[in-house]
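The residues making up each chain are set out below.
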Amino acid sequence: MAAAVAVAGGAASGERVDWRLAAPLGLTYLVFFAAPFAILLGISFYADAEQTQLGLGSWLKFYTDAFYLKVIFDTLKLGFFAVAATTLLAYPLALVFRASSPRLQRILTFIILMPLLTSVVIRTFAWIVILAREGVVNQALMGLGLTAAPLNLLQTELGLVIALTQIEMPLMLLPLLTIMSRMDQNLVDASRALGASQWRTFFKVVLPLTLPGWIAGATLVFASSTTAFISQTVIGGARLVYLPALIYQQATVVYNWPFAAVASLTLLFTVLAGIMALGLLGRFARMD
Amino acid sequence: MQRSTFADISYRWVVGLLAGLAILILIAPVAIVIATSFTTSQTLRFPPPGLSLRWYQELFDPVRSAPIHTAAWNSVWVGFVATMLGMVLSVLAALAVARVSRPAARALEAGFLSPLVLPSLSYGLAALMFFSVLGIRPSLNLLIAGHLVVIAPFIFRTTLASLTQLDPTLLEASASLGASRLYAFRRITLPLIAPGIAAGCFLAFVSSMDNVPVSLFLSNARTGMLPIRMWGMMESTLDVRIAAVAGVLILATLILMIVMDRLTGLTKRVSA
């Protein structure tokens, strides 16, 4: 240990990777991170639940069944809606934050960090209280006479998207606020002085300049909402099936591990595909 | 002064309304959970018909809430040990790759950060299969190993950011004055990167306490973890005690956050 630390002082200004320092975390990852994924991949090539026959059976079963293909599609759709809804609310809030006085900014910072004080499980629980039949939304709607009978918001995609919007919003807001605070105000002022409306200034100046921050936020929101097991199962209920619930069910209820492994790798590819698509979008935007 | 056209007025209205909606949607759930935790009612009806501490008494009752207490201590223990181990490993790894421009360093960096982007639910299942293929039975140590992998990147990332900002001339000066490398690390590098390490540890501990995807597969009835226990309570009975747990956790996180903010300027680091 002393020897390793002794090298550390030099490594900070060194030219080469000090493998002795990288090895402890590297080996931990090899054993507890890379090896499990290798096992997962291996198990997916068993054709039957009892893991006796090798083959592509589990993969074929998953990718030829319309039900499972729809689960993939619904999971992607949920991620897309969550990104769209957090974008729609986070951009205006970030614009207001940028234009506020330092005092107001401190209050807004507290409000923005507030969801982070509560765990994802508690945020999900809060939305049950809000969206339930005797919850806040239904009582308000009935009080205003907008609806006679309580609406069923739990176990609907709309309810789930509303809940995920709050649950994931800090992930979108934090990168957006960071990039907006670095944006050059002169560019905005110049656009306004040259006669562009505020809408035009937003779409032609603010949006392109803050796009890298949005891509960072959208990546986090997409990855997080597509894998939000608790929110999906508790608010979505049994009728809405997404990949995480399918994986859990196949692994712990049905005990079909090869099939669960296929679903799990599909989730992995789905998330990576989403992240790569957003990254490409960023590259195109920069070439523009 | 600009003239107010219709376009500008509509812009102000749309931005103002959406920002207001965003603020409402951020505050309301937290406020509602806290209010509900003080209800006198058996149900989660909002607004609560009366205020009392009965659900907090129920929650702190050592007999009736024993499974929740066990799960809470398991979560704290796993989070604490995983964070401490993660801190040692991640700081060493960050020292190895900081300021090195070779492709090998960038590859290692990407590898060490990869658990942040890969879905941890996939990892949770992979870890379950891995340990069962090896024939290792579920225990808190398995949970520590699983959590370590998904929380170490938080510490690695903040430590690396601190090391990148470190002025290399400080180390050159101390070397030219005859300080050994160990002495320079202890007296110069470590004090300067300590706030970054602390901020990373805070994020790592909080995310371990909050972790669902890994605990979902690695914990069982005996090694219950708090978020999984709460999920069970939500799925079955909608016990009002969940609101009281939420109240306690919100208070604990708030205190931890204020302390960390004083120590490290956390709010600045989180957004960086």
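Residues numbered from 1 in each chain as written. Chains lettered and ligands numbered in written order. Predicted model: local features only at pLDDT ≥ 70, side-chain atom pairs only at ≥ 80, totals over all residues.

Undergrad: Just to check I follow, could you spell out the overall build of chain A for this structure?
TA: The helix and strand tally for chain A stands at 13 helices and zero strands. When the helices and strands of chain A are listed from N to C terminus, the series reads α-α-α-α-α-α-α-α-α-α-α-α-α. Scaling as 2.2 N^0.38, a compact globule of 288 residues should have a C-alpha radius of gyration of about 19 Å, whereas chain A reaches 24 Å, well beyond that. For chain A, the C-alpha atoms occupy an extent of roughly 70 × 70 × 40 Å along the three principal directions. Looking at chain A as a whole, 44% of its 288 residues are labelled buried. For chain A, restricting intrachain contacts to residue pairs at least 6 apart in sequence, the fraction spanning at least 24 positions comes to 69%. (Helix = DSSP H or I, 4+ residues; strand = E, 2+ residues; numbered from the N terminus. Rg over C-alpha atoms; globule rule 2.2 N^0.38 Å. Buried ≥ 20, exposed ≤ 12 C-beta atoms within 10 Å, placed from the backbone. Contact = placed C-beta atoms within 7 Å.)

Undergrad: I would appreciate a short explanation of the interface of chain B and chain A in the present structure.
TA: It is common to give the size of an interface as the accessible area that goes away when the parts come together. Contact residues are listed per partner, giving 86 residues for chain B and 86 residues for chain A. Across the side of chain B that touches chain A, the residue classes tally to 68 nonpolar, ten polar and eight charged. (Nonpolar A, V, L, I, M, F, W, Y, C, P; charged D, E, K, R; others polar.)

Undergrad: Explain the packing of helix α2 (residues 19–43) of chain A against helix α6 (residues 140–165) of chain B to me, please; I cannot follow it from the model alone.
TA: Packing of α2 of chain A against α6 of chain B brings their axes to within 10 Å, and their N-to-C directions diverge by 125°. In terms of orientation, α2 of chain A and α6 of chain B fall into the oblique class. Classified by chirality, the crossing of α6 of chain B by α2 of chain A is left-handed. Residues Leu25, Thr28, Tyr29, Phe32 and Phe33 of chain A of α2 of chain A lie in contact with α6 of chain B, whose contacting residues are Ala145, Leu148, Val149 and Ala152 of chain B. In the contact of α2 of chain A with α6 of chain B, the residues fall into eight nonpolar, one polar and no charged. (Axes fitted to C-alpha atoms, helices over the stretch in contact; angles between N-to-C directions. Parallel < 35°, antiparallel > 145°, perpendicular 65-115°, else oblique. Left-handed = near helix turned anticlockwise from the far one by under 90°.)

Undergrad: Is there a simple way to explain helix α6 (residues 120–131) of chain A in this structure?
TA: A turn of α-helix holds 3.6 residues, and therefore any two residues three or four places apart point the same way. Residue and element names in this part refer to chain A. Taking 1.5 Å per residue, twelve residues should reach 16 Å; α6 reaches 16 Å between its end C-alpha atoms and fits that length. α6 sits mainly inside the fold: eleven of its twelve residues count as buried. For α6, the set of buried residues is Val120, Val121, Ile122, Arg123, Thr124, Phe125, Ala126, Trp127, Val129, Ile130 and Leu131. (Expected span 1.5 Å × (residues − 1).)

Undergrad: I would appreciate a short explanation of the environment of Ile128 of chain A in the present structure.
TA: Secondary-structure assignment places Ile128 of chain A in helix α6. Put simply, Ile128 of chain A and Gly159 of chain A are 31 residues apart on the chain and 9.5 Å apart in space, counted from C-alpha to C-alpha. Every residue in contact with Ile128 of chain A, bar those within four places of it in the chain, is listed here: Leu154, Val234 and Ile235 of chain A together with Met234 of chain B.

Undergrad: What should I look at first to understand the confidence of the model for chain A in this one?
TA: Atom-level detail of predicted coordinates should not be read off regions where pLDDT is low. Residue and element names in this part refer to chain A. Model confidence for chain A is summarised by a mean pLDDT of 86, while 94% of its residues fall at 70 or above. The secondary structure element of chain A with the lowest average pLDDT is helix α1 (residues 2–11), at 44, and the one with the highest is helix α4 (residues 66–99), at 94. Across residues 1–13, confidence stays below pLDDT 50; counting only partners more than four residues off in sequence or on other chains, it has 37 contacts. (pLDDT = per-residue confidence, 0-100.)

Undergrad: Is there a simple way to think about the nonpolar core in this case?
TA: In globular proteins that are soluble, nonpolar side chains generally tend to be buried together. Counting 161 residues, the largest nonpolar core has Ala90, Leu173 and Ile247 of chain A together with Ala93 and Leu125 of chain B as the members making the most contacts within it. Not counting residues up to four positions away in its chain, the partners in contact with Ala90 of chain A are Met169, Met172, Leu173 and Leu176 of chain A together with Ala22 of chain B. (Core = buried A, V, L, I, M, F, W, Y, C linked by C-beta atoms within 7 Å.)

Undergrad: Any chance you could explain the environment of Asp18 of chain A here in plain terms?
TA: Residue and element names in this part refer to chain A. Within the secondary structure, Asp18 is located in the loop between α1 and α2. In this structure Asp18 comes out as buried when scored by C-beta crowding, with 21 C-beta atoms within 10 Å. Linking Asp18 and Tyr68, residues 50 residues apart in sequence, is a C-alpha distance of 46 Å.

Undergrad: Where do I start with the confidence of the model for chain B in this structure?
TA: Looking at chain B, the pLDDT average stands at 87 and 95% of residues meet or exceed 70. Interface confidence in the predicted complex, given as ipTM, is 0.85; pTM for the same model is 0.86.

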